[in-house]
Amino acid sequence: MGNDKSIDDIIFRDQFCRNQNDKEKELLEIIKPQLKHNRNNENINSLYNKLNLNIEKVNSLEEVPFIPVNMFKSFDLNTCTFNDVVRILNSSATTTGIPSKIYIDKKTSIRQTQGLISTLNDFLGGKRRPMLVIDSEASNKRGDSITARGAAIRGVSSFASKIVYAMDKSDDDLKLNLKRVQDFADNYGEEEVLIYGFTYIIWSKFIQELEKIGLSLNLPKSKLLHSGGWKKLIKKKIDKEEFSKVLAKHLNTKENNIIDFYGMVEQVGVVFIDCECGYKHVPDFADVIIRDILTLDEVEIGKSGLIEVISILGSSYPSQGILTEDIGELVGVDNCKCGRGGKYFKFKARAEKTETRGCGDTFAERTGDI
């Protein structure tokens, strides 16, 4: 299934150095054998049969069959045996109340961790530093299953020399532990530190609490990474610029030290981080296709559509193409002023009441579900 050495070579090299054409050719040769492996799952095999898929005739990443993300809520899409599953990732299920289930085997788990580290290295460097997590320790509990928040915390913590949790969990709510946060700022205020949290939790449970008591922290060398939860903030009319401005003020740091990244629990290990120009870039072991909402064809530069995330990291589920319910704009290819190669894009919004038909209908014919 794929070429293990080629995959590892891509993960471990410096990211964002390939031009888009070379990258697509490289990824496609790896993905084709992975598609054959996906037929081990009866639901995916049924989909491929209905599509009359001839894997050998797939000549571009756009032609790789994708799985709508909501299918992970309704079907077991593991391509490995259940005995090989070491962890089940669960989405937050904030919209439907039904979490996605992503089955992870040992090889996938290792590659996802390595992929995330390789990407973050490009933006953060390899130095470990004290890390403040704007969440509770309970969100990163060890076990056979893990949430999107827990998976993100675990990945970013690879860059931590020490981890301090800013929150305590109390009656299914999060409470700011002010003493612990203040001690962190007092102990490491002159050092380079890393802060990570879920975007909405940072705003609602951290920033608003600091504003209530009129407190700012002196962490001028901090870099804060945040992800997820934008849907709730957009409803409150809080955009990325306002978020970064307010947060930087309360940390006594520069706004460009507030770094947004886009990722999804269905593609752990693949994150798209804002560069200094404000655009999200795609690591060499992944790709993004922005598809027209109506036709599902790939859009031209400057146009918006549904974000599809492609990854070669997964050996235990169909990571090769997952169509999200998020809207993005394809900004350009190979010419960002930051110097990184490949596609770069903007995250725009969560699509309202998106339901991509086709794959779901095919699965239903096979299983009688939906």
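Predicted, not measured: the structure shown is a model, and the values here were computed from it.

A.B. asks: Looking at this structure, how should I read the nonpolar core?
C.D. replies: A general feature of soluble globular proteins is that nonpolar side chains tend to end up buried together. Within the largest apolar cluster, 48 residues are counted, with the highest numbers of intra-cluster contacts made by I31, L61, F272, F285 and I312. Breaking this core down by element, the ones donating at least two residues are α1 (4-12), α2 (20-38), α3 (42-50), β3 (101-105), β13 (286-291), β14 (304-311) and β15 (322-333). Examining the composition of this core, we find that five residues originate from one element, α2, more than from any other. Among all residues touching F272, those that are not within four sequence positions of it are D260, F261, Y262, K280, H281, V282, P283, V288, V309 and F345. In this structure, A185, W203, L215 and F243 belong to the second largest nonpolar core, which totals 31 residues.

A.B. asks: Would you take a moment to explain the pattern of salt bridges for this structure?
C.D. replies: In this structure the tally under the stated criterion is 24 salt bridges. Here E56 and K36 are joined by a salt bridge, their closest N and O atoms 2.8 Å apart. Taken together, the positions of E56 in the loop between α3 and β1 (67-68) and K36 in helix α2 put the pair 20 residues apart, joining distant regions of the chain. Each of D4, D8, K107 and R111 takes part in salt bridges that share partners, so that together they form one network.

A.B. asks: Before we go on, may I ask you to explain the environment of I7 in this structure?
C.D. replies: Along the chain, the position of I7 falls in helix α1. You can call I7 buried: its relative accessible area is 0%. Distance in space between the C-alpha atoms of I7 and E26 is 9.6 Å, their sequence separation being 19 residues. Sequence-distant contacts of I7, that is, excluding residues within four places in its chain, are made with I30, Q34, R111 and I312.

A.B. asks: Please explain helix α9 (residues 240-251) as it appears in this structure.
C.D. replies: Residues lying three or four places apart along an α-helix face the same way, a consequence of the helix completing one turn every 3.6 residues. For α9, built from 12 residues, the straight-helix expectation of 16 Å at 1.5 Å per residue is met to within 8% by its first-to-last C-alpha distance of 16 Å. Residues of α9 that are buried include every one of F243, S244, V246, L247, A248, H250 and L251, and no others. Where α9 is buried, its residues meet β8 (193-198), α7 (199-213), β9 (222-227), α8 (230-235) and β10 (258-262). Taking the backbone nitrogen of E241 as reference, a side-chain oxygen 3.3 Å away marks D239 as the first, capping residue of α9. Positive phi shows up at N252, right after α9, with a value of about 55°.

A.B. asks: Even after reading the chapter, I still don't get the state of the cysteines, so can you show me in this structure?
C.D. replies: By definition, a disulfide links two cysteine residues through a covalent bond between their sulfur atoms. Counting across every chain of the model gives zero disulfides. Not part of a disulfide, C275 finds its nearest cysteine sulfur in C336, a span of 3.9 Å. With no disulfide of its own, C277 has C336 as its nearest cysteine by sulfur position, at a separation of 4.2 Å.

A.B. asks: Any chance you could explain the sheet that holds β10 here in plain terms?
C.D. replies: Hydrogen bonds between backbone groups are what pair the strands of a sheet, and the pairing can be parallel or antiparallel. The strand order β7-β6-β4-β8-β9-β10-β11 describes an open sheet built from seven strands, whose pairing is mixed. The sheet is open, and its two borders are formed by β7 (173-176) and β11 (272-273), each paired with just one other strand. One ladder, built from four bridges, connects strand β4 (residues 129-136) with β8; its direction is parallel. Directly across from V133, in β8, lies its bridge partner Y196. In the packing of helix α6 (residues 178-188) onto the sheet, contacts are made with β4, β6 (160-170), β7 and β8, and the angle to β6 comes to roughly 160°. Contacts from α9 reach β8, β9 and β10 within the one sheet, and its direction differs from that of β10 by about 140°.

Calculation rules
- Residues numbered from 1 in each chain as written.
- Predicted model: local features only at pLDDT ≥ 70, side-chain atom pairs only at ≥ 80, totals over all residues.
- Heavy atoms only, no water.
- Core = buried A, V, L, I, M, F, W, Y, C linked by side-chain atoms within 4.5 Å.
- Buried < 20%, exposed > 50% of the residue type's maximum accessible area, 1.4 Å probe, protein only.
- Helix = DSSP H or I, 4+ residues; strand = E, 2+ residues; numbered from the N terminus.
- Contact = heavy atoms within 4.5 Å.
- Salt bridge = Lys/Arg side-chain N within 4 Å of Asp/Glu carboxyl O.
- Expected span 1.5 Å × (residues − 1).
- Polar contact = N/O pair within 3.5 Å; in protein donor to acceptor, adjacent residues only side chain to side chain.
- Disulfide = S-S within 2.5 Å.
- Pairing = 2+ DSSP bridges.
- Axes fitted to C-alpha atoms, helices over the stretch in contact; angles between N-to-C directions.

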